[in-house]
Amino acid sequence: VAASISAMCQYSIQGLDEEAQNLGTTVGTWFMEDRNVNDWNKSAAAEQQQGGNHEDNKKEDLALLDATLEEMAYLCQVISRYSTFHSTTIIPHLQEQSSS
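Conventions used here
Residues numbered from 1 in each chain as written. Predicted model: local features only at pLDDT ≥ 70, side-chain atom pairs only at ≥ 80, totals over all residues. Heavy atoms only, no water. Helix = DSSP H or I, 4+ residues; strand = E, 2+ residues; numbered from the N terminus. Buried < 20%, exposed > 50% of the residue type's maximum accessible area, 1.4 Å probe, protein only. Patch = residues over 30% accessible without salt bridge, like charges linked within 9 Å, V, L, I, M, F, W, Y side chains within 5 Å. Areas by Shrake-Rupley, 256 points an atom, 1.4 Å probe, with all protein chains shown as cover. Salt bridge = Lys/Arg side-chain N within 4 Å of Asp/Glu carboxyl O. Contact = heavy atoms within 4.5 Å. Lys, Arg positive; Asp, Glu negative; His and termini not counted. pLDDT = per-residue confidence, 0-100.

So, on to the overall build of the protein chain. The helix and strand tally for the protein chain stands at three helices and zero strands. Written out in order from the N terminus, the α and β elements of the protein chain read α-α-α. Looking at the protein chain residue by residue over its 100 residues, the buried ones come to 8%.

Together, Val1, Ile5 and Met8 line one region of the surface with nonpolar side chains, adding up to about 360 Å² of accessible area. Examined against the element boundaries, Ile5 turns out to sit in helix 1 (residues 2-34).

What follows concerns the side chain of Thr68. Following the sequence through the fold, Thr68 ends up in helix 3 (residues 59-99). Other than its neighbours up to four places away in sequence, Thr68 contacts Phe31, Arg35 and Trp40.

Attention now goes to the side chain of Asp17. Along the polypeptide, Asp17 turns up in helix 1. There is no salt bridge for the buried Asp17, and the closest opposite charge comes from Arg81, which lies 16 Å off by N-O distance.

With 81% of its residues at a pLDDT of 70 or more, the protein chain shows a mean pLDDT of 77. Element-level pLDDT for the protein chain is lowest in helix 2 (residues 37-49), with a mean of 72, against a maximum mean of 83 in helix 1.

Set out below in structure tokens:
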């Protein structure tokens, strides 16, 4: 019975970990699309090729960019915390289960 419960727990942990990884990827994709990050990258590259004329930037654009960077920093912190949880909790648990 104990071996069956242990196997079910291991299976559940692996499934939750995979779903968390998928969720992180999906949220990152949504963020890139919702914030038009690729458009900003193209715009910045074009501006740099033209000599970097920053006088045309509007204050609203800079405020939006600042808010986007803050949101991105928050998402990075969440991912970092999950990564720490993963490396200190999930991986040792899985290693312990596989050695038993």
